Structures are given as structure tokens and as C-alpha cells.
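A closer look at the structure
Each chain, written out:
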Amino acid sequence: MVKIGVQQPPAALKPDKDKEKEKAAGGDGVAGAVLLSPGAEEPVPAAQGRRSSLSGVCYLTMGLLVLLLGLVFASMYVYRYFFITQLPRESVFHCGVLYEDSLYSPFKGQLELHEDVKIYIEDNYEQINVPVPQFGGSDPADIIHDFQRGLTAYHDITLDKCYVIELNTTIVMPPRNLWELLVNVKKGTYLPQTYIIQEEMIATEHVSDMEQLGSFIYRLCSGKETYRLRRRGARRRISRREAANCHRIRHFENTFVVETVICQKS
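Residues numbered from 1 in each chain as written. Predicted model: local features only at pLDDT ≥ 70, side-chain atom pairs only at ≥ 80, totals over all residues. Heavy atoms only, no water.

Before going further, it helps to examine the overall build of the chain. Assigned secondary structure in the chain consists of four helices and 11 strands. Of the accessible surface of the chain, which amounts to about 17500 Å², a share of 57% is contributed by carbon and sulfur atoms. (Helix = DSSP H or I, 4+ residues; strand = E, 2+ residues; numbered from the N terminus. Areas by Shrake-Rupley, 256 points an atom, 1.4 Å probe, with all protein chains shown as cover.)

Structure, rendered in C-alpha cells:
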């Protein structure tokens with residue numbers, strides 16, 4: 001029997017391929033070791049910090065929005081249930097005003113005008129009742145200023161006729177402003193002494209469709225002859241022109257008295 005032995009080559013005589021494998025594995029014989037320079041490390045903690053700060057900003061913003069909405073709803077609740085509910089007790093006023101009419105009654109001095117005012121702030125309209133005046137020359141009337149429709153209706157009680165015209169916001173105070181004015185002068189019997197202005201109107205066409213005027217004016221004028229009015233103009237009263245077939249209504253929804261002259265077409 002012949003025994004054949006194979007001698008292992010020494011480490012110095014390893015093939016070049018084995019040496020290249022060792023270099024690829026680690027160079028110094030440490031298998032699978034990868035060395036990274038300090039500058040090549042990933043900044044994991046910094047990225048996590050940014051995410052945390054962004055999350056905090058989002059939560060803070062959401063919290064502020066919720067707080068703001070809560071304040072808005074709380075304000076609406078307080079206004080509706082603690083302020084508006086108290087208005088009906090003070091929204092009906094019996095008012096009087098002293099004024100001077102230098103042309104119509106120059107020797108009578110101050111004149112006195114009374115009226116009852118009902119203010120409906122939520123419905124945004126005013127209702128005024130002018131009784132028969134003491135001095136004469138003016139008709140008693142019921143008046144509605146509807147700020148939702150932008151219309152004013154005069155019911156001349158003497159004639160039992162209604163007249164409708166566009167609301168003149170330069171003369172008529174809105175319900176909120178008028179309410180504040182009357183509350184402020186409620187301690188006295190009369191408003192401060194004031195003056196009178198005049199507005200002249202001409203009756204034009206007959207109104208057949210009453211529903212288009214809104215529910216407030218409909219209740220006032222239903223079953224009565226109703227006419228549209230065309231305004232000639234409003235100005236500070238200095239002189240008075242006599243006009244045939246005209247009726248006058250004196251009232252106030254501001255700090256001055258208004259004489260509304262309604263004339264029929266001649």
C-alpha cells in the first residue's frame with residue numbers, strides 16, 4: 001500500500017485570491033467589521049428632536065383654536081341669554097319731546113310731541129304710534145320701519161290709508177341705536193330740546209300685492225288702501241309751503257322731529 005500525503009502550503013504562500021478575500025473582509029483579519037469615520041454617523045437624535053418640536057407646535061395651535069372657539073360660543077351664549085332676554089322689559093317706551101316750530105306756531109313757543117315706541121331688536125324693526133297731537137295740524141298714525149325689508153309704512157289713522165316707501169336710514173335710527181338713545185334719556189320725561197325737519201312725499205301707484213311688503217307691514221296695512229310713495233326730498237325746515245290735498249304726520253325716531261307731508265297727485 002502506498003500512502004500519499006498532501007502538505008498544506010504555509011501562510012506566506014497562500015494564493016492571491018485568499019489574500020484579497022481577507023482584505024475585503026477586514027484587512028486585519030477581523031471578519032465583518034466596518035469602520036466609519038465620525039463625520040459619517042447618522043444624526044438620529046437631531047431628527048427626533050425636530051419631530052418632537054413640530055408635534056408640540058401642532059398641539060399648541062390646536063389648543064389655541066379650541067380655546068378661541070370656546071370664547072366665541074361663550075360670548076354668544078352670554079349675549080343671547082343674559083342680555084337679549086332683558087330687552088323686552090325695556091323695549092317699549094312712552095316718549096315725549098319738546099321742539100320749536102318757528103313758522104307754523106311762532107307765538108306758541110315750544111311744542112310737545114308724544115309717541116309710543118316699540119323696538120324689536122332681534123326682528124330688526126320699529127313700531128311707532130303717534131296719538132292725536134294737542135296742537136293740531138298733524139294726523140295720528142301708526143308707523144313701521146322694517147330694516148329687514150328696507151321699507152317704511154305709514155298708516156294715517158284719520159284717512160285709514162297706508163303709504164309705503166323705501167326706508168330713509170339718514171333720518172331713522174336703527175333699532176339698536178334708537179334703543180340705546182331712549183334708554184339713556186329714560187331718566188327724564190323729555191328728550192333734549194330739538195328742531196323739526198320736513199320731508200315731502202307724493203302718493204303714486206296702488207299696491208295690490210300686500211305680501212311682498214313683509215309680514216310686519218302686512219299686519220299693519222292688511223284690508224286698507226295702500227299706496228306707494230315717492231320722496232321729494234328731506235331738508236332742514238326753514239319755511240312751509242301750503243299744499244292742497246296733503247296730510248302731515250309728525251314723529252321722531254332720532255334726536256329731531258320729522259314732519260312727513262303726504263300729498264295726493266293733483
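Attention now goes to the nonpolar core. Core analysis: the largest hydrophobic core is formed by 31 residues, its most contacted members being V117, I119, Y154 and L229. Counting 13 residues, the second-largest nonpolar core is a separate cluster that includes Y125, L151, M210 and L220. (Core = buried A, V, L, I, M, F, W, Y, C linked by side-chain atoms within 4.5 Å. Buried < 20%, exposed > 50% of the residue type's maximum accessible area, 1.4 Å probe, protein only.)

Where burial is concerned, most of strand β8 (residues 196-206) is hidden: eight out of the 11 residues are buried. Note: β8 against strand β11 (residues 257-263), seven bridges, orientation parallel. Bridging across to β11, E199 finds its partner in T260. (Pairing = 2+ DSSP bridges.)

The next thing to look at is the state of the cysteines. Counting across every chain of the model gives two disulfides. Between the sulfur atoms of C162 and its disulfide partner C221 the distance amounts to 2.2 Å. Residues C162 and C221 are joined through a disulfide that is left-handed, its torsion about the S-S bond being -90 degrees. One end of the pair, C162, is in strand β6 (residues 161-166); the other, C221, is in helix α4 (residues 215-221), and 59 residues separate them in sequence. Taken as a pair, C162 and C221 share a single burial class, namely buried. When the cysteines engaged in disulfides are numbered in sequence order, the chain pairs them as 1-2, 3-4. (Disulfide = S-S within 2.5 Å.)

Here we take up the packing of aromatic side chains. Within the structure shown, the criterion is met by four aromatic pairs. Arranged with centres 5.6 Å apart and planes meeting at 15 degrees, the rings of Y195 and F256 form a pair that is stacked. Of this pair, Y195 sits in the loop between β7 (191-194) and β8 while F256 sits in the loop between β10 (246-251) and β11, placing them 61 residues apart in sequence. By relative accessible area, F256 is classed as buried at 10%. An aromatic cluster of at least three residues, connected via ring pairs, comprises Y120, Y125 and F216. (Phe/Tyr/Trp six-rings, centres within 6.5 Å; stacked < 30°, edge-to-face > 60°.)

All right, on to the side chain of H155 then. Relative to the helices and strands, H155 resides in strand β5 (residues 151-156). A relative accessible area of 8% means that H155 is categorised as buried. The contact partners of H155, leaving out residues within four places of it in the chain, are P140, A141, D142, D160, K161, C162, L220 and K224. (Contact = heavy atoms within 4.5 Å.)

Attention now goes to unusual backbone geometry. A positive phi angle, close to 65 degrees, is found at N124, a residue other than glycine. Counting through the fold element by element, N124 comes out in the loop between β2 (110-120) and β3 (125-130). When its relative accessible area of 29% is taken as the criterion, N124 is described as partly exposed. In this model, D160 sits at a positive phi of 55 degrees, which is unusual for a non-glycine residue. By secondary structure assignment, the location of D160 is in the loop between β5 and β6.

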